[in-house]
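Chain by chain, the residues run as shown.
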Amino acid sequence: MRCYSEAIVCFEKSVSLNPGSYSAYAAMGFAKHLSGDVDGAIDSYHEALSRKPEDPFSSEMLTRALSEAVTYPRSSVFAAIDDLDADMDMQTQRRGIGSSILDGLDKADKSYSVTEDVDMSLA
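Computed from a predicted structure; not experimentally measured.

(A) Region of interest: the environment of S21. Within the secondary structure layout, S21 lies in the loop between α1 (4–17) and α2 (22–35). Classification of S21 by relative accessible area gives buried; the value is 14%. Taking C-alpha positions, S21 is 9.4 Å from E47, a pair spaced 26 residues apart along the chain. Reaching out from S21, the side chain makes a polar contact with the side chain of S23 at a distance of 3.2 Å.

As structure tokens, this is what we get:
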């Protein structure tokens with residue numbers, strides 16, 4: 001089932017209709033947390049706790065989310081996978097750029113060698 005994005009939309013609507021509701025922020029944080037958006041979850045748990053500081057659920061879940069953020073930098077493993085995909089795309093693009101740069105360096109190196117040979121023969 002895992003309809004986290006739909007749940008988040010519902011909780012955002014709930015928060016917009018009743019901005020003082022700590023439980024809507026806590027629920028939105030939990031949905032974000034389950035979806036892998038740890039940074040968004042942390043923000044929502046903070047919002048819930050700003051409305052009801054003694055809320056045990058938000059407090060516990062904030063602790064867990066902060067622990068995950070420290071253990072798995074960049075919010076989640078899913079973000080790291082997305083970054084790896086983006087890096088691979090960049091490397092593929094750079095291969096074309098990199099090879100032309102290397103070709104240019106090879107040409108420059110060969111022309112330097114030719115100039116050096118000419119200078120040596122003049123001496």
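(B) Geometry of α2. The end-to-end C-alpha separation of α2 is 20 Å, in line with the 20 Å expected for 14 residues at 1.5 Å each. Those residues of α2 lying buried are A24, Y25, A26, M28, G29, A31, K32 and H33. Looking at the buried residues of α2, the elements they touch are α1, α3 (38–51) and α4 (56–71). Count one or two residues on from α2 and you reach G36, which has phi positive near 100 degrees.

(C) The packing of aromatic side chains, seen in detail. The tally for this structure, following the rule as stated, stands at one aromatic pair. Between F30 and F57, the aromatic rings sit 5.5 Å apart at their centres with planes inclined by 75 degrees, giving edge-to-face as the arrangement. Taken together, the residues F30 in helix α2 and F57 in helix α4 connect sequence positions 27 residues apart.

(D) How the structure looks around the packing of α3 against α4. The N-to-C vectors of α3 and α4 enclose an angle of 150 degrees; their axes lie 9 Å apart at closest approach. By the criterion of interaxial angle, the relationship of α3 to α4 is roughly antiparallel. Crossing handedness for the pair α3 and α4: left-handed. Across the interface between the two elements, V38, I42, Y45, H46, A48 and L49 from α3 touch S58, S59, M61, L62, A65, L66, E68 and A69 from α4. When grouped by side-chain class, the residues that make up the contact of α3 with α4 number ten nonpolar, three polar and one charged.

(E) Quick peek at the pattern of salt bridges. Using the criterion set out here, one finds two salt bridges in the structure. E47 serves as the salt-bridge partner of R51, at 2.7 Å between the closest nitrogen and oxygen. Of this pair, R51 and E47 both sit in helix α3, separated by four residues, roughly a single helical turn. When its relative accessible area of 33% is taken as the criterion, E47 is described as partly exposed. Residue E60 is joined to R64 by a salt bridge in which the shortest nitrogen-to-oxygen separation is 2.8 Å. With E60 and R64 both in helix α4 and four residues apart, the pair spans about one turn of that helix.

Calculation rules
Residues numbered from 1 in each chain as written. Predicted model: local features only at pLDDT ≥ 70, side-chain atom pairs only at ≥ 80, totals over all residues. Heavy atoms only, no water. Helix = DSSP H or I, 4+ residues; strand = E, 2+ residues; numbered from the N terminus. Buried < 20%, exposed > 50% of the residue type's maximum accessible area, 1.4 Å probe, protein only. Polar contact = N/O pair within 3.5 Å; in protein donor to acceptor, adjacent residues only side chain to side chain. Expected span 1.5 Å × (residues − 1). Contact = heavy atoms within 4.5 Å. Phe/Tyr/Trp six-rings, centres within 6.5 Å; stacked < 30°, edge-to-face > 60°. Axes fitted to C-alpha atoms, helices over the stretch in contact; angles between N-to-C directions. Parallel < 35°, antiparallel > 145°, perpendicular 65-115°, else oblique. Left-handed = near helix turned anticlockwise from the far one by under 90°. Nonpolar A, V, L, I, M, F, W, Y, C, P; charged D, E, K, R; others polar. Salt bridge = Lys/Arg side-chain N within 4 Å of Asp/Glu carboxyl O.

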